[in-house]
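Letter by letter, the chains look like this.
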Amino acid sequence: MLGALGAVRLARAQGVRDAVLYKNPQCGCCEDYAAYLRRNGFRVKVVATHDLDAIKTQNHVPERLNGCHTTLVDGYVVEGHVPVASIERLLRQRPRIRGISLPGMPQGSPGMTGVKKEPFHIYEIDTHSSAEPRVYAIE
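First, a word on what this report is: a plain description of the structure on this page. Only a predicted model underlies this, so the values are computations on that prediction, with no experimental measurement involved. (Residues numbered from 1 in each chain as written. Predicted model: local features only at pLDDT ≥ 70, side-chain atom pairs only at ≥ 80, totals over all residues. Heavy atoms only, no water.)

1. What to know about the overall build of the chain
Thinking step 1. Of the regular secondary structure elements, the chain holds four helices and seven strands.
Thinking step 2. Reading the chain from its N end, one meets helices and strands in the order α-β-α-β-α-β-β-α-β-β-β.
Thinking step 3. Looking at the chain as a whole, 40% of its 139 residues qualify as buried.
Thinking step 4. A fraction of 53% describes how many contacts in the chain between residues 6 or more apart in sequence connect residues 24 or more apart.
Thinking step 5. Carbon together with sulfur atoms contributes 51% to the accessible area of the chain, which is approximately 7700 Å² in total. (Helix = DSSP H or I, 4+ residues; strand = E, 2+ residues; numbered from the N terminus. Buried < 20%, exposed > 50% of the residue type's maximum accessible area, 1.4 Å probe, protein only. Contact = heavy atoms within 4.5 Å. Areas by Shrake-Rupley, 256 points an atom, 1.4 Å probe, with all protein chains shown as cover.)

2. Concerning the packing of aromatic side chains
Thinking step 1. What the rule picks out here adds up to one aromatic pair.
Thinking step 2. Their ring planes at 35 degrees and their centres at 5.7 Å tell us that Y33 and Y36 sit as a pair that is tilted. Pair noted here: Y33 and Y36 are both in helix α2 (residues 28–39), with a separation of three residues, about one helical turn. In this pair, the class of Y33 matches that of Y36, namely buried.
Thinking step 3. It is R89 that lies over the ring of Y136; its NZ or CZ is 4.0 Å from the centre. (Phe/Tyr/Trp six-rings, centres within 6.5 Å; stacked < 30°, edge-to-face > 60°. Lys NZ or Arg CZ within 6 Å of the ring centre and 35° of its normal.)

3. Description of helix α4 (residues 84–93)
Thinking step 1. For α4, the full list of buried residues reads V84, S86, I87, L90 and L91. Along the axis of α4, the buried residues cluster in a sector spanning 160 degrees; they form a single face.
Thinking step 2. The first or second residue beyond α4 is R94, which carries a positive phi of 50 degrees. (Arc of directions from axis to C-beta.)

4. Re the environment of M105
Thinking step 1. Examined against the element boundaries, M105 turns out to sit in the loop between β5 (99–102) and β6 (121–125).
Thinking step 2. In the structure, M105 is positioned 25 residues away from G80 in sequence and 7.1 Å away in space, judged by C-alpha atoms.

5. A short note on the pairing of strand β4 (residues 76–80)
Along any regular strand the residues' side chains alternate between the sheet's two faces.
Thinking step 1. The element β4 is extensively covered by neighbouring structure, given that five of its five residues are classed as buried.
Thinking step 2. Connecting strand β3 (residues 70–73) to the antiparallel partner β4 that follows it, the hairpin turn spans two residues, and D74 within it adopts a positive phi of roughly 50 degrees.
Thinking step 3. As judged from the four bridges shared by β4 and β5, these two strands associate in the parallel manner. Counted as the bridge partner of E79 is S101 from β5.
Thinking step 4. In this fold, β4 hands off to α4, which returns the chain to β5; that crossover is left-handed. (Pairing = 2+ DSSP bridges. Right-handed = clockwise from strand over helix to strand, strands pointing away.)

6. Some points on the sheet that holds β3
Thinking step 1. In spatial order, the strands read β2-β1-β3-β4-β5-β6-β7; together these seven strands make up an open sheet with mixed pairing. The open sheet has two free edges, formed respectively by β2 (42–48) and β7 (135–138), since each of these has just one partner strand. Shown here is a sheet whose adjacent strand axes are inclined to one another by a mean of 20 degrees, direction ignored.
Thinking step 2. Note: β5 against β6, three bridges, orientation antiparallel. Looking at the pairing, I100 lines up with E124 of β6.
Thinking step 3. On the sheet, α2 packs against β1 (17–23), β2, β3 and β4 and is oriented at approximately 160 degrees with respect to β2. (Axes fitted to C-alpha atoms, helices over the stretch in contact; angles between N-to-C directions.)

Next up, the structure:
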């Protein structure tokens, strides 16, 4: 039987990334986002919580960058319905930031219904939460 570290190494060798997605228990779009991540090679554990604000606070997500749910992936926080291309870039480049965010619940974003009306602005979640958010990617 593999230990936790061995399982993580095996998952990485197989190209699978582990993610933990924290969501409101009644939210369906969060389940759709988890399914989107799974289709794109992530092994996702979904944790329903009535205290999502505490998860965001623990992970230093500024209120202005709050999204629908909070996902933890390989030492980073991914806030909201961030497209997988930006997550893969984050994990590949490993910048010195806390994570990335697509604030709100933009129509047409992964896991959301509707048609994308304009490019998504994905922001850095900086190590200095008081700093003005910088754009990480536009998709």
